[in-house]
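# Architecture at a glance
Each chain, letter by letter, is given below.
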Amino acid sequence: QVHLVESGGGSVQAGGSLVLACTFIGDPPCISWVHQTPGKEREGVASITLGVGASSYANSARGRFTISQDKHRNMVYLQMNDLTPDDTGMYYCAAQDGSRCGAWYHPSIYNSWGQGAQVTVSS
């Protein structure tokens, strides 16, 4: 099982930016960022296929968020720009050992999860 630890997060006003980082141990084929608002189901935000660097985004994130990797450091980042209050919630990095990789997949495909990072966006 892959071990993942998130860092970053915090509070920001609407229109601001934050960067999340995920440090992982293991050799997952893909790492994704998943968002959860309290009381609602987790939703995929962005995914990256490690090695080739192919990425995908949820419609709500496309154009505002950027997922990237540092292969040498075993880290994945999520640059979040133009944040809105709807972006508030927990952000988890997650991995799965299968071939599927994409922000559109249901988060149930992931079998490894980080502890989460809190993001709060005020209006």
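Just so we're clear, the structure is a prediction, and the values are computed from it rather than from any experiment.

It is worth spelling out the state of the cysteines at this point. Considering all chains together, one arrives at two disulfides under this definition. Each sulfur in the disulfide pair Cys22 and Cys93 lies 2.3 Å from the other. On the sign convention where negative is left-handed, the bridge of Cys22 and Cys93, at about 75° about the S-S bond, is right-handed. You can see Cys22 sitting in strand 3 (residues 18-25) and its partner Cys93 sitting in strand 9 (residues 89-96), a full 71 residues away along the chain. Of the residues examined, Cys93 reaches a relative accessible area of 0% and is grouped as buried. For the protein, the bonded cysteines connect in the pattern 1-3, 2-4 when numbered consecutively along the sequence.

Let us now look at the packing of aromatic side chains. Throughout the structure, instances matching the rule amount to three aromatic pairs. For the ring pair Tyr92 and Trp113, a centre distance of 5.9 Å and an interplane angle of 85° mean the geometry is edge-to-face. Highlighted residues: Tyr92 in strand 9 and Trp113 in strand 10 (residues 112-113), separated in sequence by 21 residues. Looking at Tyr92, the relative accessible area reads 10%, which means it is buried. Overall, Trp113 belongs to the partly exposed group, its relative accessible area being 28%. A centroid spacing of 5.9 Å and a plane angle of 90° characterise the contact between Tyr110 and Trp113, whose relative ring orientation is edge-to-face. Following the ring pairs from residue to residue traces out a cluster consisting of Tyr92, Tyr110 and Trp113. Just above the ring of Tyr92 sits the side chain of Arg42; from NZ or CZ to the centre is 4.0 Å. Positioned above the aromatic ring of Tyr105, the side-chain terminus of Arg100 is 5.8 Å from the ring centre.

Rules and cut-offs
- Residues numbered from 1 in each chain as written.
- Predicted model: local features only at pLDDT ≥ 70, side-chain atom pairs only at ≥ 80, totals over all residues.
- Heavy atoms only, no water.
- Disulfide = S-S within 2.5 Å.
- Helix = DSSP H or I, 4+ residues; strand = E, 2+ residues; numbered from the N terminus.
- Buried < 20%, exposed > 50% of the residue type's maximum accessible area, 1.4 Å probe, protein only.
- Phe/Tyr/Trp six-rings, centres within 6.5 Å; stacked < 30°, edge-to-face > 60°.
- Lys NZ or Arg CZ within 6 Å of the ring centre and 35° of its normal.

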